[in-house]
Amino acid sequence: MSGELELSVIVPVYNAEENLPVLVREIRETLDPTGKPYEIGCGDDGSKDGALEVARVLVKENKMLRVL
């Protein structure tokens, strides 16, 4: 993917430790085939589970992912 971003997907991740990897994978499976540049922003606002830590690990594996 190159060029300017064409799409930003913002996802709330409050207490979504188990769901976040699945959601990121499904968003990528949907958007990657388009070939259009995009980003996924994960906004954590005080999760009580390990959602923030999971998001940080996913950032290392997915260059289009951001933690907000």
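Up top is the structure these notes are about.
Since we're looking at a predicted model, the values are computed, not measured. All chains use their own residue numbering, which begins from 1 and follows the written sequence. The predicted nature of this model means local features are confined to residues of pLDDT at least 70 and side-chain atom pairs, given and counted, to a pLDDT of 80 or more, with totals for whole chains, interfaces and linings taken over all residues. Hydrogens and water are ignored here; the side-chain numbers use all heavy atoms of the structure.

Topic: the overall build of the protein chain
So the rule is basically this: Working definition: helices are DSSP H or I runs of at least four residues, strands are E runs of at least two. Numbering for both runs from the N terminus. The reference for a compact globule is 2.2 Å times residues^0.38; the radius of gyration itself is calculated from the C-alpha atoms. A simple rule labels every residue: compare its accessible area, found with a 1.4 Å probe on the protein chains alone, to the largest value its type can have, and call it buried under 20%, exposed over 50%, or partly exposed in between.
A tally of helices and strands in the protein chain yields two helices and three strands. Along its sequence from the N terminus, the protein chain presents helices and strands in the succession β-α-β-α-β. Relative to the globule expectation of 11 Å for 68 residues, the C-alpha radius of gyration of the protein chain, 12 Å, shows essentially globular dimensions. Considered along the principal axes of its C-alpha atoms, the protein chain spans approximately 35 × 20 × 20 Å. Out of the 68 residues belonging to the protein chain, those deemed buried represent 32%.

What about the pairing of strand β2 (residues 38–43)?
Let me state the cut-off plainly: At least two DSSP bridges between two strands are required for those strands to pair. By convention, orient the strands away from the viewer: a clockwise path from the first strand over the helix to the second makes the crossover right-handed.
In the sheet, strand β1 (residues 7–12) pairs with β2 via six bridges, with the strands oriented parallel. Bridged to V11 within β2 is C42. Where β2 lies against strand β3 (residues 65–67), three bridges are found, and the strand directions are parallel. Note on β3: the bridge partner recorded for G41 is R66. In this region the chain leaves β2, passes through helix α2 (residues 51–61) and returns to the parallel neighbour β3; the handedness of that crossover is right-handed.

Let's talk about α2
To be explicit about the condition: Read the arc as the range of directions from the helix axis to the C-beta atoms.
When we look at burial in α2, the residues that qualify are A51, V54, A55 and L58. For α2, the angular spread of the buried residues around the axis is 100 degrees, confining them to a single face.

As for unusual backbone geometry
We note that N15 has phi near 50 degrees; this positive angle belongs to a residue other than glycine. With a relative accessible area of 35%, N15 lands in the partly exposed category.

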